[in-house]
Amino acid sequence: MDIEKLDRYMARCAVDYTNIEFFDLRDGKFTVEGLYWFGHEKRYHRFPLDAESSIPPAVWTLGGCTAGGQIRFVTDSCRIIVSAKTSNIKSSAKMAETGRSGFDLYCGKPGEDEEYWNLVQPNPGETEFTDEPFSVKEKKLRHFRLNFPLYNGVEEVFIGLEKNSQILPPEPLKDTRPIVIYGTSITQGGCASRPGSAFTNILSRKLNMEFLNFGFSGNGQNHLSVAEVLTRIKDPAMFILDSEANSISADLVNDRVPRFLEIIRNAYPAIPIVVLSKIPYGKRYAVELPSLKAEFQHIVAEKQAAGDKNIFFADGSNFFDAKDYSENTVDGAHPTDRGFAQMAEKLEPILRNLLTEQ
């Protein structure tokens, strides 16, 4: 069955290249956010090149996924075309290809009238694709945000605009300091149907701030070498630890997490650190995964008692009703878009209050 022949609304429209000029993101005309080392290295990777030898190979490989990557720009072009080349052709059994490998476009002023516009859809079974997510008749300056794939790497991205269109810098963020979040597959965005639905990307829009997403599917195991790399980030606004689901055992939590947090705190003596426990999981996961919330709570309490007044515990198990995992997840653990929206709704006031108190 070829659904695109049976349902024209499922089909991708042919791209008309007339009067279009393409720009390579590496040329500097667009503001790339969420990929901290891109400005220096011009690579779509979440780690710097020299970190490869110091961190676990699986974490390095997952660092090639562009979760949290965004570009923001202002243009008066009536058309926007995105041409991309991704790294990995293999699909995921649990995750929509539009979230794993696609881009999505938002239009509107951040913090005011920003709303989802359209997808940039990958071709099934291909790593190179071109799509036109924006086409209107009225020529005027508009604000755009393009979110990068969550579970695939990106090798090339070109933005096509009408010739002689203006390309202007985006409006400054509310706070130019990034929020750094470290964690698991859920942190990375599994299993959002499109990139903008991942909870970190939702929060970046709600708070009008840059998020640096260091979620590593199955490998958010509090590796100290990863913490050391993260301390290279200059002047973050906040650090969030979201690693319970990958932390394996109470022994490993008690061994690694205090030292992981110590590395972060030594680098950033005053910023808020939020330790987040995992969201409710389905009953079958109660057998597969131990509950380690108590260990994380105890570690936070010990650090508070030792004088750290800027470390906080956030109980993710309260982010939605325990029974809601059946509607809020794909498999009993990884959220749907509905689950991610609820996570962002619960986290937003917590983060906003801590940012206000700084």
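Structure: above.
Definitions and cut-offs
Residues numbered from 1 in each chain as written. Predicted model: local features only at pLDDT ≥ 70, side-chain atom pairs only at ≥ 80, totals over all residues. Heavy atoms only, no water. Pairing = 2+ DSSP bridges. Helix = DSSP H or I, 4+ residues; strand = E, 2+ residues; numbered from the N terminus. Axes fitted to C-alpha atoms, helices over the stretch in contact; angles between N-to-C directions. Salt bridge = Lys/Arg side-chain N within 4 Å of Asp/Glu carboxyl O. Buried < 20%, exposed > 50% of the residue type's maximum accessible area, 1.4 Å probe, protein only. 1 Å grid on protein atoms, 1.4 Å probe; cavity = no way out; pocket = protein on both sides within 12 Å on 5 of 7 lines; lining within 4 Å. Points joined across faces, edges and corners; volume = space filled by probe spheres on them. Nonpolar A, V, L, I, M, F, W, Y, C, P; charged D, E, K, R; others polar. Core = buried A, V, L, I, M, F, W, Y, C linked by side-chain atoms within 4.5 Å. Contact = heavy atoms within 4.5 Å. Phe/Tyr/Trp six-rings, centres within 6.5 Å; stacked < 30°, edge-to-face > 60°. Lys NZ or Arg CZ within 6 Å of the ring centre and 35° of its normal. Parallel < 35°, antiparallel > 145°, perpendicular 65-115°, else oblique. Left-handed = near helix turned anticlockwise from the far one by under 90°.

Caption draft 1: Examining the sheet that holds strand β7 (residues 128–135) more closely. The four strands lie next to each other as β1-β9-β4-β7, forming an open sheet whose pairing is antiparallel. Edge strands, defined here as strands with exactly one partner in the open sheet, are β1 (20–24) and β7. Each adjacent strand pair in this sheet contributes to an overall mean axis angle of 25 degrees, direction not counted. With seven bridges joining them, strand β4 (residues 79–86) and strand β9 (residues 154–162) adopt antiparallel strand pairing. Bridge pairing in β9 links I80 to L161.

Caption draft 2: Representation of the pattern of salt bridges. Using the criterion set out here, one finds 18 salt bridges in the structure. Close ionic contact of E41 with R43 constitutes a salt bridge, the shortest N to O distance being 2.6 Å. The shortest N-O distance in the salt bridge between D255 and R259 comes to 3.2 Å. Of this pair, D255 and R259 both sit in helix α8 (residues 250–267), separated by four residues, roughly a single helical turn. By relative accessible area, D255 is classed as partly exposed at 40%.

Caption draft 3: Region of the structure containing the layout of surface pockets. Put simply, the largest pocket is a space of about 500 Å³. Considering the residues around the largest pocket, the lining is formed by 19 residues, among which E4, M10, A11, R12 and Q121 are closest to the centre. Only α1 (3–6), α4 (97–100), β6 (115–120) and β7 provide two or more residues apiece to the lining of the largest pocket. Residue composition of the lining of the largest pocket, grouped by class: ten nonpolar, four polar and five charged. Lining the second largest pocket are 15 residues, with S92, M95, R100, Y151 and S217 sitting closest to its centre. Residue composition of the lining of the second largest pocket, by class: five nonpolar, seven polar and three charged.

Caption draft 4: Summary view of the nonpolar core. I179, F199, M238, I240, M343 and L351 are the most contacted members of the largest nonpolar core, which has 36 residues in total. Looking at this core, the elements that each hand over two or more residues are β11 (175–183), α6 (199–207), β12 (209–215), β13 (238–242), β14 (273–276) and α12 (337–357). Beyond its immediate stretch of four places on either side in the chain, I240 contacts I179, V180, I181, Y182, V274, L276 and L351. If you look at the next biggest cluster of nonpolar residues, it comprises 34 residues, including V180, F260, I273 and I299.

Caption draft 5: Focus on the sheet that holds strand β15 (residues 311–314). Strand order in the open sheet formed by five strands is β12-β11-β13-β14-β15, with parallel pairing between adjacent strands. Each having just a single partner strand, β12 and β15 make up the two edges of the open sheet. Along the sheet, successive strands turn relative to each other by an average axial angle of 20 degrees, direction set aside. For β14 and β15, the ladder comprises four bridges, and the chain directions are parallel. Looking at β15, one finds that V274 is bridged to F312. Together, β11, β13, β14 and β15 form the strand contacts of α8, whose direction differs from that of β13 by roughly 165 degrees. Where helix α10 (residues 293–305) meets the sheet, its contacts fall on β13, β14 and β15, and the angle it forms with β15 comes to roughly 155 degrees.

Caption draft 6: Quick peek at empty space enclosed by the protein. Tallied over the full model, the rule gives three cavities of 30 Å³ or more. Estimated volume of the largest cavity: approximately 60 Å³. For the largest cavity, the full set of lining residues is T184, I186, D242, A245, L276, S277, K278, I279, Y281 and M343. Residue classes in the lining of the largest cavity are distributed as six nonpolar, two polar and two charged. Roughly 40 Å³ of volume is contained in the second largest cavity. Forming the boundary of the second largest cavity are R72, F73, G108, P110, E114, H143, F144, R145, P170 and E171. Breaking the lining of the second largest cavity down by element, the ones donating at least two residues are β3 (70–75) and β8 (142–147). By residue number, the principal contributor to the lining of the second largest cavity is β8, which donates three residues. Here the residues of the lining of the second largest cavity are counted per class, giving four nonpolar, two polar and four charged.

Caption draft 7: Main features of the packing of aromatic side chains. Scanning the entire structure with this criterion turns up 20 aromatic pairs. Between the aromatic rings of F103 and F129, the centroid separation amounts to 6.3 Å while the plane-to-plane angle is 55 degrees, which identifies the pairing as tilted. Residue F103 is found in strand β5 (residues 103–107), and its partner F129 is found in strand β7; the two are separated by 26 residues along the sequence. Comparing F103 with F129, the two get one shared label, buried. Here the aromatic cluster, defined as three or more aromatic residues joined through ring pairs, consists of F47, W60, Y182, F214, F216, F239 and F260. One cation-aromatic arrangement involves R194 over Y116; the distance from NZ or CZ to the ring centre is 3.5 Å. The ring of Y281 carries the charged tip of K278 above its face, separated from the ring centre by 4.4 Å.

Caption draft 8: Layout of the packing of α6 against α12. Contact pair α6 / α12: the axes reach a minimum separation of 9 Å and the direction vectors enclose 45 degrees. One element, α6, and the other, α12, form an angle in the oblique class. You can see that α6 and α12 cross each other, and the crossing is right-handed. Two secondary-structure elements touch here, α6 through F199, I202, L203, K206 and L207 and α12 through F340, A341, M343, A344, L347, E348, L351, R352 and L355.

Distances and angles like these do not, on their own, reveal function.
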